[in-house]
Amino acid sequence: MLRSIDSGEVYNTFNELKNKALRNEPKCVQVGDELKEIPSPFPSPKDWRDVWIYFIMVDRFNNPSCEPKSAWNAFDGDSFLGEKGLVFQGGTFEGIRQQLDYLQKLGVGAIWLTPPFKNCQYKPTYHGYGIQDFLQIDPRFATNKENPEEELQALIDEAHARGIYVIFDIVLNHVGNVFSYFIDSKDVKSPQFIDEPNNPYNINWHDKEGKPQWMNAPVDEFSNLDSNAAVWPQELCKNEFFRRRGTRGDTEKGGDFSDLRELITDIPEVRNILIRIHQYLIAQFDIDGFRIDTLRFIEPEFARIFGNAMHEFALSIGKKNLFSFGEIWAEENNTEEKIRHFIGRNATEPGDLLGIDAALDFPLFFQLPHALKGAKAPKAVVDVYERRKESLRGIISSHGDVSKFLVTFLDNHDLKSRFYYSDPENPQKFDDQVTLAITCLFALQGIPCIYYGTEQGLNGSVPDNTDFGDLVVRQALWGKPEGGFNRDHSFYKAIAEVSEYRKTHPALRYGRQYFRPISGDRINYGISPYNSGVLAFSRILNETEVVVVANTNTELTQSVYVIVDDNLHSENPTFKILFSNKSRDNSIQPKKVEEQHGVNITEVNGHKNYGPVRVMKVTLQPMEVQILVK
């Protein structure tokens, strides 16, 4: 067992991988009946916009050896044996490996795995975010409990052999339930937050069974200390490295997330330990990127230092484009401003220009799902990008390059509902809403991320007043009664098809993005300010324009005139439907582009324009989206 990040074993791992990179030694990997060679280390993608990400909760995806331990879609406490559903369902690395062909055919470019590292063994944190040992892999995610590292490595190697990259979810802000608070001669799990950084609570470190044992870090016992006690690597096990101020609540001043203990990441030694840990993980497992949990609570300066350190280490071993993206969110109106301090080559920030590569696009998430369901106007989506232009004004990039800084999504594991809603009275009523949303997600600027099970119609929600809300979006996919990996599911086939169009049309990956004013009367043009409206936008790359038009109305067919680029289409060409999520009648294919005069246009920025302009007519059924090309 590796106990120290400063050990010779760690540096031997670093040196071995560097030497492999210099020798360019390939690795042989069995994929089905074929033996494939892959480079070692595995090279990064030239541009992460070339791939899309599939987010997997390891414990909830697949176990080919057994059924889920509880009801596959349980979300009420009575359905679980543990604390509010925190029991493991049983998903494994091997379960994911056996479905790599399924994911490859879906078009997945990268898989993002929830943290695979060893959590406190005395506490069933199936989600993986309560890390007790940053250098070991949790045996509860492996079929082979004696060697979970080997099983994880087999998954990574076969993913690489299939051209799929692997991203680890990591945590820099906190560790697991490794100590209790000692207050008034009693052990307390989650005391109230105290705003006294220089006078923290007393604590008791946990032994292997989770019982309070040591008031001070057990440094004198490391050689004999059970690996399930305290926190590892041993360099982290110091009282002064933790805030010890109780439960965070709504404060921005630091504190624990319930019983997840917060590190003090502005201490240089803590930063150096975390950097060495994650460099070791790159070297040990040959991974391709990190998603950084709760990054908003890390100092932006450390985020930049960490991002630079990961990039430089990866470059030293031959990985030229390691990817890092973070979870940065705040109140709905402040998230955009918060993100800009963390991402890209920001000329307005002091110190190193380049930090982490991207952030989860929460500002878009706050608007896009509601707009695509008709609950908000398309203008709400357009406004996100208008605000972004101002927020990212200091980022050194071109118009199209901004798309590499955001990972876009429709739902995830922290919500109380998935995007898909299946009406009990009419289960397929809103199916087209899902394929419309996926198409828009894949066509808008950003690196798309799909949450596991979306392609199989996982759905559901629970009332806001329940304590088990997030469990309904953490279902055990392989336990789904009608099958968890059905390649004939309409959502699976739609994602695969749109994924292929995104691959074959570079404008959808790199293009500049323009939201298009529309008109119903051919005179007055503007962005739809009404709920259940039509969202229209173009992606332009060089001389190519791809137009996407989506009707968010669930009941009405809508015909609109959409503005297209005047310079690119001066010969008034005809556009064809490259993709629609609806069965189409060829008689309502779009008409030829026409030039119009005497029109009233309200541009995205509010400015007025009176033409001339080039437009085409598009007719869309309820919940239909079309991708149109010349």
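Just so you know, these numbers come straight off a predicted model, no measurement behind them.

### Overview of the overall build of the protein
Of regular secondary structure, the protein possesses 14 helices and 28 strands. Computed over C-alpha atoms, the radius of gyration of the protein comes to 26 Å, within 12% of the 25 Å expected from 2.2 N^0.38 for 630 residues, which places it in the range of a compact globule. Taking the principal axes of its C-alpha atoms as reference, the protein extends roughly 85 × 55 × 55 Å. Looking at the 630 residues of the protein, the share that counts as buried comes to 61%. Counting only contacts in the protein whose residues sit at least 6 apart along the sequence, the fraction spanning at least 24 positions is 72%. In the form shown here, the protein has an accessible surface area of approximately 24700 Å², with 46% of it arising from carbon and sulfur atoms. Distance from the positive charge centre (70 side chains) to the negative charge centre (88 side chains) of the protein: 4 Å.

### Overview of the sheet that holds strand E8 (residues 179-183)
Taken in spatial order, the four strands line up as E9-E8-E10-E11 in an open sheet, and their pairing is antiparallel. Each edge of the open sheet is held by one strand with a lone partner, namely strand E9 (186-188) and strand E11 (212-214). Across this sheet, the average inter-strand angle for adjacent strands is 55°, counted without regard to direction. Looking at chain direction, strand E10 (residues 202-206) and E11 are connected through two bridges and run antiparallel. Bridged to histidine 206 within E11 is proline 212.

### A few points about the state of the cysteines
Inspection of the entire model under this criterion finds zero disulfides. No disulfide involves cysteine 449; its sulfur sits 17 Å from the nearest other cysteine sulfur, which is in cysteine 440. On the basis of relative accessibility, which here comes to 4%, the residue cysteine 449 falls in the buried class.

### A look at the sheet that holds strand E23 (residues 576-580)
The sheet built from five strands is open, its strands ordered E17-E20-E21-E28-E23 with antiparallel pairing. Sheet topology places strand E17 (512-515) and E23 at the edges, where each strand pairs with a single neighbour. Each strand of the sheet is rotated relative to its neighbour by a mean of 25°, with strand direction disregarded. In the sheet, strand E21 (residues 544-551) pairs with strand E28 (residues 625-629) via five bridges, with the strands oriented antiparallel. The residue of E28 that forms the bridge with valine 546 is valine 629. Running at roughly 140° to E17, helix H11 (residues 378-391) makes contact with E17 and strand E20 (534-541) of the sheet. Contacts from helix H12 (residues 431-443) reach E20, E21, E23 and E28 within the one sheet, and its direction differs from that of E28 by about 40°.

### Regarding the side chain of asparagine 173
For asparagine 173, the position within the fold is in the loop between strand E7 (165-171) and E8. By relative accessible area, which is 1% here, asparagine 173 ends up buried. Within the local environment of asparagine 173, its side chain forms a polar contact with the side chain of histidine 174, the two groups lying 3.1 Å apart. When sequence neighbours within four positions are dropped, the list of residues in contact with asparagine 173 reads Arg248, Phe257, Arg261, Glu262, Leu263, Thr294, Phe297 and Ile298.

### A short note on the pairing of E21
A large share of E21 lies buried, amounting to seven of its eight residues. Here E20 pairs with E21 via eight bridges, running antiparallel. In the sheet register, alanine 536 faces E21, and the bridge partner there is valine 549. Hairpin connection, E20 to E21: the antiparallel pair is bridged by two residues, and asparagine 542 has positive phi, about 55°.

### Topic: the pairing of strand E4 (residues 110-113)
The side-chain alternation of E4 yields two buried faces, one formed by Ala110 and Trp112 and the other by Ile111 and Leu113. Here E4 pairs with E7 via four bridges, running parallel. In the strand pairing of E7, leucine 113 is matched with phenylalanine 168.

### Some words on the packing of aromatic side chains
Counting across every chain of the model gives 38 aromatic pairs. Taken together, a centroid distance of 5.1 Å and an interplanar angle of 90° make the contact between tyrosine 102 and phenylalanine 485 edge-to-face. Separated by 383 residues along the polypeptide, tyrosine 102 in helix H4 (residues 100-106) and phenylalanine 485 in the loop between strand E16 (447-451) and helix H13 (490-504) bring together distant segments of the chain. Phenylalanine 485 shares its class with tyrosine 102; the two are buried. Considering the side-chain rings of phenylalanine 179 and phenylalanine 242, the 5.6 Å spacing of their centres and the 85° angle between planes classify their relative orientation as edge-to-face. Placement of phenylalanine 179 in strand E8 and of phenylalanine 242 in the loop between E11 and helix H6 (268-285) is noted, with a sequence separation of 63 residues between them. Here phenylalanine 179 matches phenylalanine 242 in class, with each residue buried. Each member of the aromatic cluster is reached from another via a ring pair, and the members are Phe42, Trp48, Phe55, Trp112, Tyr165, Phe323, Phe325, Tyr451 and Tyr452. Against the face of tryptophan 329 rests arginine 296, its NZ or CZ located 4.4 Å from the ring centre.

### Let's talk about the pattern of salt bridges
Tallied over the full model, the rule gives 40 salt bridges. Put simply, lysine 319 and aspartate 286 hold a salt bridge, and the shortest N to O gap is 2.9 Å. Here the residue lysine 319 occupies a position in the loop between helix H7 (300-316) and strand E13 (323-326), and aspartate 286 occupies one in the loop between H6 and strand E12 (289-293), the gap between them amounting to 33 residues. Note that glutamate 595 and arginine 614 form a salt bridge whose closest N and O atoms lie 3.7 Å from each other.

### Points about H6
Along its 18 residues, H6 runs 26 Å from first to last C-alpha, staying within 8% of the 26 Å computed at 1.5 Å per residue. Aspartate 286 sits one or two residues past H6 and shows a positive phi near 60°.

### Quick look at helix H5 (residues 148-161)
For H5, which comprises 14 residues, the first-to-last C-alpha distance of 20 Å matches the rise-based estimate of 20 Å (1.5 Å per residue) to within 8%. Taking burial as the measure, the 14 residues of H5 include 11 buried ones, the bulk of the element. Inspection of H5 places Pro148, Glu151, Leu152, Gln153, Leu155, Ile156, Asp157, Glu158, Ala159, His160 and Ala161 among the buried residues, and these make up the whole buried set.

### With respect to unusual backbone geometry
The omega angle of the peptide bond from serine 40 to proline 41 is 5°, so this bond is cis rather than trans. Within the fold, proline 41 resides in the loop between strand E2 (34-39) and strand E3 (53-56). Put simply, glycine 611 and proline 612 share a cis peptide bond, and its omega is 0°. Structurally, proline 612 can be placed in the loop between strand E26 (608-609) and strand E27 (613-620).

### Details of the environment of arginine 248
Here arginine 248 shows up in the loop between E11 and H6. On the basis of relative accessible area, arginine 248 is assigned to the buried category, the value being 4%. In this structure, the C-alpha to C-alpha distance between arginine 248 and serine 258, residues 10 residues apart in sequence, is 7.5 Å. Beyond its immediate stretch of four places on either side in the chain, arginine 248 contacts Asn173, Phe193, Gly254, Gly255, Asp256, Phe257, Glu262 and Phe297. Within polar-contact distance, the side chain of arginine 248 engages the side chain of glutamate 262 at 2.5 Å.

Reading the values: the criteria
Residues numbered from 1 in each chain as written. Predicted model: local features only at pLDDT ≥ 70, side-chain atom pairs only at ≥ 80, totals over all residues. Heavy atoms only, no water. Helix = DSSP H or I, 4+ residues; strand = E, 2+ residues; numbered from the N terminus. Rg over C-alpha atoms; globule rule 2.2 N^0.38 Å. Buried < 20%, exposed > 50% of the residue type's maximum accessible area, 1.4 Å probe, protein only. Contact = heavy atoms within 4.5 Å. Areas by Shrake-Rupley, 256 points an atom, 1.4 Å probe, with all protein chains shown as cover. Lys, Arg positive; Asp, Glu negative; His and termini not counted. Charge placed at Lys NZ, Arg CZ, Asp CG, Glu CD. Pairing = 2+ DSSP bridges. Axes fitted to C-alpha atoms, helices over the stretch in contact; angles between N-to-C directions. Disulfide = S-S within 2.5 Å. Polar contact = N/O pair within 3.5 Å; in protein donor to acceptor, adjacent residues only side chain to side chain. Phe/Tyr/Trp six-rings, centres within 6.5 Å; stacked < 30°, edge-to-face > 60°. Lys NZ or Arg CZ within 6 Å of the ring centre and 35° of its normal. Salt bridge = Lys/Arg side-chain N within 4 Å of Asp/Glu carboxyl O. Expected span 1.5 Å × (residues − 1).

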